[in-house]
Amino acid sequence: QVDALDAVALADAVADCWRTVETGEATLVTETTGTLRADPSRLKQLLENLLRNAVEHGGDEVVISVGDLAERDGFYIADDGPGIPTDERDDVFEAGYSTTDDGTGFGLDIVQEIVDAHGWEVEVTESEAGGARVEITDVAHTDR
């Protein structure tokens, strides 16, 4: 569920999440100035899951970038890790789906639930560096 929607500066939300997720030697590059309408606690959960997933699958030295989408209302989280094979991209949002022995398979399922509750869309593509890129679209911005 989503409670009241508030104006949330995406860069600030990402920075807060970065401080709470174990990131090892990973690097965060924030390329967003967007302010979106979201349930702050649910957005935090979504961002933490995506950041944690990028570190777990991309390695301790992965570079993660967060930015605004140029051609659509939304944002992305991308990394320079190994990426997600094309034939698995739809499966990653299913409950219980994991490619690691110690993974629960709930992180991206929760992301999907939060996206759905906001009326957004989510898609996995390939980042410019060949890693994973998660795009969240149909996001209402307060500054556009």
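Above this text is the structure in question.
Because the structure is predicted, anything quoted here is derived from the model rather than measured.

Engineer: Tell me what's going on with the side chain of T125, and back it up with residues and numbers.
Structural biologist: With respect to the helices and strands, T125 occurs in strand β6 (residues 121–126). Judged by relative accessible area, which is 18%, T125 ranks as buried. If we ignore the near neighbours within four places in the chain, the residues touching T125 are R89, G131, A132, R133 and E135.

Engineer: Describe a negative patch on the surface, naming the residues involved and giving the relevant values.
Structural biologist: Taken together, the side chains of E113, D116, E121 and D138 present a region of like negative charge at the surface. With respect to the helices and strands, D116 occurs in helix α3 (residues 107–118). Take D116: its relative accessible area is 47%, and that puts it in the partly exposed class.

Engineer: Could you give an account of the pairing of strand β7 (residues 132–137), naming the residues involved and the relevant values?
Structural biologist: A regular strand places its side chains on the two faces of the sheet in alternate fashion. Within β7, six of the six residues are buried, which leaves the element mostly enclosed by the surrounding structure. Across the two faces of β7 the burial is the same, with A132, V134 and I136 and R133, E135 and T137 all buried. The pairing of strand β5 (residues 74–79) with β7 spans five bridges and is antiparallel. Each residue of the ladder has a partner; that of A78, found in β7, is R133. Alignment of β6 against β7, held across six bridges, turns out to be antiparallel. Paired with V124 across the two strands is V134, which belongs to β7. The loop that links β6 with its antiparallel partner β7 comprises five residues; one of these, G130, has a positive phi angle of about 95 degrees.

Here is what the cut-offs are and how they apply
- Every chain's residues receive numbers from 1 upward, in the order its sequence appears when written.
- Per-residue local features of the predicted model are confined to residues with pLDDT of at least 70, and side-chain atom pairs are confined, for both listing and counting, to 80 or more; whole-chain, interface and lining totals are unaffected and use all residues.
- Calculated side-chain values reflect all of the structure's heavy atoms, with hydrogen atoms and water omitted.
- Counting from the N terminus, the helices are the DSSP runs of H or I reaching at least four residues and the strands are the DSSP runs of E reaching at least two.
- Exposed residues in this analysis have more than 50% of their type's maximum accessible area, buried residues have under 20%, and partly exposed residues fall in between, with area computed by a 1.4 Å probe over protein chains only.
- A contact between two residues is defined here by any heavy atoms of the two lying within 4.5 Å.
- Two joining distances apply to patches: 9 Å for like charges and 5 Å for nonpolar side chains (Val, Leu, Ile, Met, Phe, Trp, Tyr), and every residue must have over 30% relative accessible area and no salt bridge.
- Per-residue and other accessible areas follow the Shrake-Rupley method at a 1.4 Å probe size, with only the shown protein chains counted as cover for residues.
- Criterion for a salt bridge: a side-chain nitrogen of Lys or Arg within 4 Å of a carboxyl oxygen of Asp or Glu.
- Under the counting rule used here, the positive set is Lys and Arg, the negative set is Asp and Glu, and His together with the chain ends is not counted.
- The atoms used to mark charge sites are NZ of Lys, CZ of Arg, CG of Asp and CD of Glu.
- When DSSP finds at least two bridges between two strands, those strands are taken to pair.

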